[in-house]
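# Examining the three-dimensional arrangement
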Amino acid sequence: MRCLAVCQDELVIRMLDEILLPGFEVEFIVENKPLARRLHDAGVSVVVGDPRRTDTFLKADLSPSTCVIIEDNGRRSPRKILEAARDAGGTLVYLLGIGAAATTKRTEEFHTEFPDVAYLAMSELFGNPLVTEVSRSLTRARVQQYQRYLSDADRVLIMLHNDPDPDAMASGLALRNVLRRTKTTAIIGAMQGVTRPENLRMVNLLDIHVEHMTAETVREYDRICMVDVQPHYFGGQIDRVDLVIDHHPEQAGYTAVFKDVRADYGSTCTILTEHLRAVDVNISERTATAMIYAIKSDTLFFNRQTNRVDIEAFSYLYPLADPALIRKMEGAEITSERLEYVMRAHQGGRLTDQVFCAFLGTLPREDFIPYVADFFLQLEHVKWTVIAGIVNDSLVMSIRNLGYTRNAGEFARRFFGDIGSAGGHRAMAKAVVPMQALRDKFALDDTSLISGKLHEMVRQFLHDASPSDRKRETVKG
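Predicted, not measured: the structure shown is a model, and the values here were computed from it. (Residues numbered from 1 in each chain as written. Predicted model: local features only at pLDDT ≥ 70, side-chain atom pairs only at ≥ 80, totals over all residues. Heavy atoms only, no water.)

Before going further, it helps to examine the packing of helix H4 (residues 79-87) against helix H5 (residues 104-113). Direction vectors running N to C along H4 and H5 enclose 40 degrees, while the axes themselves pass 12 Å from each other. When the interaxial angle is binned, H4 and H5 end up oblique. You can see that H4 and H5 cross each other, and the crossing is right-handed. For the pair H4 and H5, contact is made by Arg79, Leu82 and Arg86 and by Glu109, Phe110 and Glu113, respectively. (Axes fitted to C-alpha atoms, helices over the stretch in contact; angles between N-to-C directions. Helix = DSSP H or I, 4+ residues; strand = E, 2+ residues; numbered from the N terminus. Parallel < 35°, antiparallel > 145°, perpendicular 65-115°, else oblique. Left-handed = near helix turned anticlockwise from the far one by under 90°. Contact = heavy atoms within 4.5 Å.)

Looking at the protein chain, the pLDDT average stands at 87 and 91% of residues meet or exceed 70. Element-level mean pLDDT values for the protein chain span from 41 in helix H19 (residues 467-476) up to 98 in strand E7 (residues 156-159). (pLDDT = per-residue confidence, 0-100.)

Listing the buried residues of helix H16 (residues 408-416) in full gives Ala408, Gly409, Phe411, Ala412, Phe415 and Phe416. Down the axis, H16 shows its buried residues gathered within 160 degrees of arc, on one side only. Backbone nitrogen of Gly409 and a side-chain oxygen of the N-cap are separated by 2.8 Å at the start of H16; the cap is Asn407. (Buried < 20%, exposed > 50% of the residue type's maximum accessible area, 1.4 Å probe, protein only. Arc of directions from axis to C-beta. Polar contact = N/O pair within 3.5 Å; in protein donor to acceptor, adjacent residues only side chain to side chain.)

Take the environment of Glu27 next. Summarising the element assignment, Glu27 is placed in strand E2 (residues 25-30). For Glu27, a relative accessible area of 17% translates into the label buried. In sequence terms Glu27 and Ala60 are 33 residues apart; their C-alpha atoms lie 8.7 Å from each other. At 3.0 Å, the side chain of Glu27 forms a polar contact with the side chain of Arg2.

Here we come to the pattern of salt bridges. A full pass over the atoms with the stated rule returns 26 salt bridges. Its salt-bridge partner being Arg38, residue Glu10 comes within 2.9 Å of it at the nearest N-O pair. Here Glu10 is found in helix H1 (residues 10-20), whereas its partner Arg38 is found in helix H2 (residues 33-41), with 28 residues between them in sequence. Its salt-bridge partner being Asp50, residue Arg52 comes within 3.4 Å of it at the nearest N-O pair. Residues joined by salt bridges that share partners form a network here, namely Glu198, Glu337, Arg338, Arg365 and Asp367. (Salt bridge = Lys/Arg side-chain N within 4 Å of Asp/Glu carboxyl O.)

We now examine the state of the cysteines. Applying the stated rule across the entire model yields zero disulfides. Between Cys225, a free cysteine, and Cys269, which holds the nearest cysteine sulfur, the sulfur-to-sulfur gap is 15 Å. Taking relative accessible area as the criterion, Cys225 reaches 0% and is therefore assigned buried. Its relative accessible area of 0% is what places Cys269 among the buried residues. (Disulfide = S-S within 2.5 Å.)

The next thing to look at is the packing of helix H11 (residues 285-298) against helix H12 (residues 308-317). Where H11 meets H12, the closest approach of the two axes is 10 Å, and the angle between their N-to-C directions is 150 degrees. On the basis of their axis angle, the class for H11 and H12 is roughly antiparallel. In this structure, H11 meets H12 at a crossing whose hand is left-handed. Taken together, the residues of H12 that come into contact with H11 (itself represented by Ala288, Met291, Ile292, Ile295 and Lys296) are Asp310, Ala313, Phe314 and Leu317. Its residues assigned to classes, the contact of H11 with H12 shows seven nonpolar, no polar and two charged. (Nonpolar A, V, L, I, M, F, W, Y, C, P; charged D, E, K, R; others polar.)

Right, let's get into the nonpolar core. Within the largest apolar cluster, 50 residues are counted, with the highest numbers of intra-cluster contacts made by Tyr146, Leu175 and Met202. Every residue in contact with Met202, bar those within four places of it in the chain, is listed here: Pro166, Met169, Ala170, Asp207, Ile208, Ala290, Tyr293 and Met329. (Core = buried A, V, L, I, M, F, W, Y, C linked by side-chain atoms within 4.5 Å.)

It is worth spelling out the sheet that holds strand E16 (residues 394-401) at this point. Two pairing modes exist for strands in a sheet, parallel and antiparallel, and in both the strands are linked by backbone hydrogen bonds. The mixed open sheet is built from six strands, whose spatial order is E13-E14-E15-E16-E18-E17. Each edge of the open sheet carries a strand with a single partner, namely strand E13 (350-352) and strand E17 (421-424). Looking at each pair of strands side by side, their axes are set apart by 10 degrees on average, direction ignored. Direction of pairing for E13 relative to strand E14 (residues 355-362): antiparallel, over a ladder of three bridges. Paired with Arg350 across the strands is Cys357, a residue of E14. Across the sheet, helix H14 (residues 336-348) is in contact with E13 and E14; its angle to E14 comes to roughly 120 degrees. (Pairing = 2+ DSSP bridges.)

Set out below in structure tokens:
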């Protein structure tokens, strides 16, 4: 994040430089040339100019997403500097009170004249609230932009991936809340419906309606949003999208009017919690319950791909949710059908070098595949699982690992990205490949060879790890 700081006190400049790095890319605007020379020689990024002139900010390449910090030491009024920053297009402007200048009276005085300017005391920065405050300001501006853009549409489609999971469905509810729409003006849809038992229980308990969509019906909507998924997933069936919100790694090959993709977040619901909070939208008990369950599910209760922000989102939503409903939804994990496929994997699978691979044959639904992958990852001496099965003439694969080894998403993309849909995170990934494409690329005419071929791919992938990767795996293992 880029920051322009207007300061004339060398001590304050050096303190700010220490506090704000590495979270910000900081550049200081100073008037005194000898001071600028000393700071430059000390490695501080600095420009010389009159901060009361608009062109000084324009020359410093100020943009609406640039954070501007203006020193208020109580000796000189910063009004002209504030006006210049505002006239140059600055929208994220913070007045920094130094010492005795940072009083409640001073805060109120500037808030009356500059209501969009936030006032912070220098002492507050040591708790790092500036990074949080600026991040929320950026999120608020982004959300307000897409709210305005979507407000004139009669019907908005919130599109989910096939066989939606809790994160997708809860994100759909959350986005509907952000847009302040109802289920008749913001329809949640998917091309393939919900099949997993625990997800069906969530649908029933929370009364979530996921409408069946086709490529033709998608085109009937005025605006199209996607949550927990990106357009590449649909293989060209959806040729336009207005908004994408997702926590999976960003994919190339599509354009969206607005997008918020944060691959370091453990759940799309975490992103949408920030959106809801940024614009002060009330979160209903139903939506909060869905979002809490989604965050727990996608992060395996903070054991997988978890960020500090996921824990913050969970903490914020928990008092608003219904814990009894969450416990009911969590009770649907084990079924006799799932145990049948666990036994099939146990009998036909293969464990070598801490990698477990199994081919489950032809299945009626794909939810059995990730369940089996997660199940066998819990076994002693297993660090990777690759489970595959045929669903609707496509090979569906779930890849899991313990998270500190090589990237599961990278494995999926490397071997299957050119012939199907493939990707994911470090600890979990998925690939869906048409059987004919699989046969053509790997000469696999006999499905009984699939398990061995997958094992060979994983072994090759892990063998190709860099020396540092191999050293890390040896130490961790």
